[in-house]
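What follows is the residue order along each chain.
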Amino acid sequence: MPQKIQSDAYVLGVGLTPFIKPRKTRDYIELGYEAGVKAMLDAGITYDDVEHGVACYCYGDTCSGQRIFYQFGMSSIPIYNTSNACATGSTGLHMARTLVRSGAADCVLVVGFEQMAPGSISSPFNDRPSPMQLGVKVMEETYGKHDSPRNAQYFANAGKEYMDKYGAKAEDFAEIARISHEHSQRNPYAQFRQEYTLKEVMDSTMIHFPLTKLQCSPTSDGAGAAVIVSESFLARKPHLKSQAILMAGQSLRTDDPSLYSKSAMDLIGFGMTKTAAQIAMKEAGVTPKDIKVCELHDCFSANELVLLEGLGFAEKGKAHELVRNGDITYGGKGPIINPSGGLISKGHPLGATGLAQCAELTWQLRGWANNRHVDTEYALQHNLGLGGAVVVNVYKRADGKPNRKMKDQEITKKSYWNYNPATEARYITKADADKVRSKENRVDFALGDTEEKLYARL
């Protein structure tokens, strides 16, 4: 029997670090600390308000979350360490919303982070079967063995299948990447902020046809965080209601039997995405036509094109027409896809990606993303991981008002910030951290050398 819902859940605060190349210039402890401090500052809370912590990462030792959270305070709260492939960050958001809606917590801090190795993604474990073992078997039996990165093969094969079935062309996938790179110029947290022509995208190094290098998300280091609160918690901070974002609909799904149908599109999670989107939108009381902005998991451009259909934004076999008509970018019919630049340009530190999507849509609905603003009542987040899991979130403002584009002066007047964090990325200061670290259970030793390294960057 479904558990009775005790409370709605709201995103009250978000925080991000810039996403950077994985070159060991910043460790996960520092990155997670910065993102968490920013989220708590944004929410107007201290760590003493936090009742549960959720740490989201794919690469790292067990209890890495505690290493980050103890810097905020050692209050003995439950801290969960979660890993769900590329959907890890949004899995953390699902856990937080579930805790709040069940009445188990009024305030949950979610921190997603990743410190990755350069190059294509690979498993550090070579002494045991991979969870992708059967998927690889299906792919290789159907499409053969190749030397190109395996993840690229999955999504390139799905793209080729869409081309063969519906008439999409290689240029359609390249156009998606061109748009993502163009959008990223206005996101201060994006790893890559360079615009490319369609020709430059198509002429970049071929990874696995039809995907070229500029159509593939990079590995990245970075962190994101969100504070999720209950209705009663928000009621105690009525001055923050205009920045609170209702998590109006949500679904976490795993693969259905279509996964092993030998369809390349099914092998990348088309079925679970379609199901999750339908469930989340039904809960929120919306249809795809109500969504004007979406952060879609574009780990490869082919995934975006295929899942424009899976999310219900395009009729069957018509997703490439949305791309050709310019409907997925500013000036088109919408929805605008990945105003942040998406994974292709923003970067893809696996555990942080879902939190970065959440931050972007929070800023959009608040009206803070004033250099890339989209007029909308609802926003949709899609975060997918092979193996597999997908999370779809539908967001709307808590106060029910339009997401009017705000000027920076209005934002600084109404919030903690003396700048607009949606359009400018800054490091935190010691005063910032002191404001949110636990007053009751602060342990400076737990910081190690984090503050020394962080404040040296100022």
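Residues numbered from 1 in each chain as written. Predicted model: local features only at pLDDT ≥ 70, side-chain atom pairs only at ≥ 80, totals over all residues. Heavy atoms only, no water.

### Things to note about the environment of Val-227
- Position of Val-227 among the secondary structure elements: in strand β7 (residues 222-230).
- Between the C-alpha atom of Val-227 and that of Gly-15, which follows or precedes it by 212 residues, the distance is 9.0 Å.
- Discounting chain neighbours no more than four positions away, the residues touching Val-227 are Tyr-10, Val-11, Leu-12, Gly-13, Ala-39, Met-40, Ala-43, Ile-45, Cys-107, Val-108 and Leu-109. (Helix = DSSP H or I, 4+ residues; strand = E, 2+ residues; numbered from the N terminus. Contact = heavy atoms within 4.5 Å.)

### A short note on the sheet that holds strand β11 (residues 378-385)
- Pairing in this open sheet of ten strands is mixed, and the strands run β3-β2-β4-β7-β1-β8-β12-β11-β9-β10 from one edge to the other. In this open sheet, the two edge strands, each paired with only one partner strand, are β3 (79-82) and β10 (336-337).
- By the bridge criterion, seven bridges tie strand β1 (residues 9-16) to β7 in an arrangement that is antiparallel. When the bridges of β7 are listed, Ala-9 appears paired with Ser-230. (Pairing = 2+ DSSP bridges.)

### Quick notes on the packing of aromatic side chains
- Scanning the entire structure with this criterion turns up eleven aromatic pairs.
- When the ring of Tyr-28 is compared with that of Phe-113, the centres are 5.6 Å apart and the planes differ by 20°; the resulting orientation is stacked. Note that Tyr-28 is positioned in helix α1 (residues 28-43) and Phe-113 in strand β4 (residues 107-114), a separation of 85 residues in sequence.
- Ring centres of Tyr-47 and Phe-72 lie 5.6 Å apart, and the angle between their planes is 50°; this geometry places the pair in the tilted category. With a gap of 25 residues between them, Tyr-47 in the loop between α1 and β2 (52-56) and Phe-72 in the loop between α2 (64-69) and β3 connect regions that are remote in the sequence.
- Judged by relative accessible area, which is 1%, Tyr-47 ranks as buried.
- Its relative accessible area of 0% is what places Phe-72 among the buried residues.
- A connected cluster of aromatic rings, assembled from ring pairs, spans Tyr-33, Tyr-47, Phe-69 and Phe-72. (Phe/Tyr/Trp six-rings, centres within 6.5 Å; stacked < 30°, edge-to-face > 60°. Buried < 20%, exposed > 50% of the residue type's maximum accessible area, 1.4 Å probe, protein only.)

### Focus: the UniProt feature "domain: Thiolase N-terminal" (unreviewed entry) in the protein chain
- Taking the numbering used here, the UniProt-annotated feature "domain: Thiolase N-terminal" (unreviewed entry) corresponds to residues 17-232.
- Across residues 17-232 one finds 40% helix and 14% strand; the C-alpha atoms that close the span lie 30 Å apart. (UniProt positions renumbered as here; feature names shortened; annotations may be inferred.)

### Quick word on unusual backbone geometry
- Residues Phe-209 and Pro-210 are joined by a peptide bond in cis, for which omega reads 10°.
- Considering the arrangement of structural elements, one finds Pro-210 in the loop between β5 (206-208) and β6 (211-212).
- Residues Gly-334 and Pro-335 are joined by a peptide bond in cis, for which omega reads 0°.
- Checked against the element boundaries, Pro-335 lands in the loop between α12 (319-324) and β10.
- A positive phi angle is found at Asn-338, which is not glycine, with a value near 55°.
- Within the secondary structure layout, Asn-338 lies in the loop between β10 and α13 (342-346).

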